[in-house]
Amino acid sequence: MNSIVAIVGRPNVGKSTLFNRLVQRREAIVDSVSGVTRDRHYGKSDWNGKEFSVIDTGGYIIGSDDIFEEEIRKQVALAIDEADIIVFVVDVEEGITPMDAEVAKLLRKVKKPIFVTVNKVDNAMRDADAVEFYNLGLGDYHTISSINGSGTGDLLDALVEKMPEPEPINLEKEELPRFAVVGRPNAGKSSFINALIGKDRNIVTNIAGTTRDSIDTKYNRFGFDFNLVDTAGIRKKSKVKEDLEFYSVMRAVRTIEYSDVIILVVDATRGFEGQDQNIFWLAEKNRKGIVILINKWDLVEKETNTMRDFEAMVKKQIEPFTDVPIVFISALTKQRIFKAIETAVEVFEKRKLKISTSKLNDVMLDIVKSYPPPAIKGKFVKIKYCMQLPTPTPQFAFFCNLPQYVKDPYKRFLENKLREIYDFSGVPITIYFRQK
């Protein structure tokens with residue numbers, strides 16, 4: 001499992017800017033007004049071959065008039081509790097403030113790696129000013145400028161040193177596959193599991209957030225054998241009002257990382273909303289098999305093309321990774337619930353499919369010969385050889401003379417051909433181009 005890194009500190013020290021730099025996307029809103037981040041953002045990052053999750057927390061506040069103050073404090077404390085490594089961001093321009101001292105007091109009780117990170121250090125004079133932060137009593141510090149990236153490489157080197165080595169991949173090891181049932185609160189995840197196993201294993205109410213933790217259920221019926229995991233609903237962060245629910249969200253994020261196939265349950269009466277997309281992309285970033293279940297289909301008024309239109313709408317929202325099975329179900333009436341499980345098992349089998357190098361070359365080199373990469377600046381890319389990498393999920397390497405000239409559209413073309421020939425529906429594929 002990947003490590004979780006929590007970024008904490010008082011408001012307006014640059015936590016969200018650092019988060020965006022680590023995940024290489026502008027996911028967190030950045031503003032000079034303090035307190036913009038009222039909640040957490042989750043992202044994936046990797047450095048020197050180690051992947052890890054990053055959480056951007058709201059700024060730790062004491063003694064303000066902000067009604068969110070108590071909630072933010074609780075959620076920062078929970079992020080510290082659940083994370084493996086803590087990055088404590090401070091601001092060299094303002095020095096140690098009473099709020100920094102409060103956060104440091106909280107962190108001195110924590111038995112985890114803590115990285116004091118002095119932000120906004122973009123010249124030698126500010127580098128000298130950073131010495132003051134030894135007074136926090138947390139040991140050495142790292143100086144960075146999160147807005148232009150200086151110092152972040154050294155910080156990342158130190159971070160990944162504290163992370164455990166990734167476990168060697170044992171492709172022979174046969175364990176029961178784990179299927180995680182995820183989705184927004186009240187989408188019908190627990191009802192779906194209860195309908196499958198034929199008894200009320202999980203508590204179901206019409207109150208969103210009844211399931212607080214990830215619950216494992218062994219499923220062994222009709223020739224299928226796997227672990228089914230019911231997770232707490234992942235709600236849009238601004239709606240997370242209680243610390244317990246935030247803890248549930250973090251457990252669900254961990255469960256996604258630790259599972260093989262993600263069964264995303266969507267409430268048909270609400271449509272495919274922004275938070276459904278966030279869950280989908282979190283699963284895709286983690287290279288998990290994905291099946292989308294449109295639940296409560298019995299409550300939707302239907303016309304001739306309702307199902308087709310709904311499916312087209314979902315696929316539009318998840319572009320460019322649209323090769324994902326979508327099953328319309330009703331957990332209440334048990335409509336198509338076994339079709340849903342059959343589909344998840346198929347996706348699991350496709351995710352571990354291994355294609356022999358000779359067969360792959362026979363097929364793909366013919367396609368490359370008929371449709372070669374477009375020439376760029378008069379340079380012609382010649383692909384000589386391809387192979388599937390020995391990874392738990394489908395990843396392919398294509399060896400050629402000029403890998404730097406192969407652009408994303410051609411990678412997508414090859415990915416689509418692989419999907420078409422080998423039926424990788426619901427499985428993220430990664431393609432690399434390497435120098436021959």
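Residues numbered from 1 in each chain as written. Predicted model: local features only at pLDDT ≥ 70, side-chain atom pairs only at ≥ 80, totals over all residues. Heavy atoms only, no water.

- The protein has the name GTPase Der in an unreviewed UniProt entry, where Polaribacter aestuariivivens is given as its organism.
- Under the UniProt heading Function (unreviewed entry), the note attached to the protein is "GTPase that plays an essential role in the late steps of ribosome biogenesis." (UniProt positions renumbered as here; feature names shortened; annotations may be inferred.)

1. A look at the packing of aromatic side chains
Ring pairs (aromatic) are described by centroid distance and by the angle formed between their planes.
Right, on to step 1. Applying the stated criterion to the full structure yields 13 aromatic pairs.
Right, on to step 2. Residues F179 and F348 carry aromatic rings whose centres are separated by 6.2 Å and whose planes lie at 55 degrees to one another, so their mutual orientation is tilted. Within this pair, whereas F179 is found in strand β7 (residues 178-183), its partner F348 is found in helix α10 (residues 337-351), the two being separated by 169 residues in sequence.
Right, on to step 3. An angle of 25 degrees between the planes, with centres 5.6 Å apart, marks the rings of F398 and F433 as stacked. Placement of F398 in strand β14 (residues 395-400) and of F433 in strand β15 (residues 430-435) is noted, with a sequence separation of 35 residues between them. Per residue, the accessibility class of F398 equals that of F433, and both read buried.
Right, on to step 4. The rings of F280, W281 and F321 are connected pair by pair, giving a single aromatic cluster. (Phe/Tyr/Trp six-rings, centres within 6.5 Å; stacked < 30°, edge-to-face > 60°. Helix = DSSP H or I, 4+ residues; strand = E, 2+ residues; numbered from the N terminus. Buried < 20%, exposed > 50% of the residue type's maximum accessible area, 1.4 Å probe, protein only.)

2. So, the confidence of the model for the protein
In regions of low pLDDT, the predicted coordinates are not meant to be interpreted in detail.
Right, on to step 1. With 77% of its residues at a pLDDT of 70 or more, the protein shows a mean pLDDT of 77.
Right, on to step 2. Contacts of residues 200-215 to residues separated by more than four positions or lying in other chains number 48 contacts, the stretch itself having pLDDT below 50.
Right, on to step 3. Of the regions scoring below 50 in pLDDT, residues 233-237 engages in 26 contacts with residues more than four places distant in sequence or in other chains. (pLDDT = per-residue confidence, 0-100. Contact = heavy atoms within 4.5 Å.)

3. Some words on the nonpolar core
Right, on to step 1. One finds F192 and I263 to be the most contacted residues of the largest nonpolar core, which totals 49 residues.
Right, on to step 2. A total of seven residues in this core trace back to one element, the largest contributor, which is α10.
Right, on to step 3. Composition of this core by domain shows at least three residues from each of domain 2 (178-352) and domain 3 (357-435).
Right, on to step 4. The contact partners of I263, leaving out residues within four places of it in the chain, are F179, A180, V181, V182, F192, L228, V291, L293, I341 and A344. (Core = buried A, V, L, I, M, F, W, Y, C linked by side-chain atoms within 4.5 Å. Domains from an automatic or database assignment.)

4. Observations concerning helix α9 (residues 306-317)
Right, on to step 1. With 12 residues, α9 extends 17 Å between its outermost C-alpha atoms, agreeing within 8% with the 16 Å of an ideal straight helix rising 1.5 Å per residue.
Right, on to step 2. What α9 keeps buried is the set T306, F310 and V314. Summarising the axial view, the buried residues of α9 lie within an arc of 65 degrees, below the 170-degree limit, and thus occupy one face. Residues of α9 that are exposed and point over 90 degrees away from its buried face: R308 and K316. (Expected span 1.5 Å × (residues − 1). Arc of directions from axis to C-beta.)

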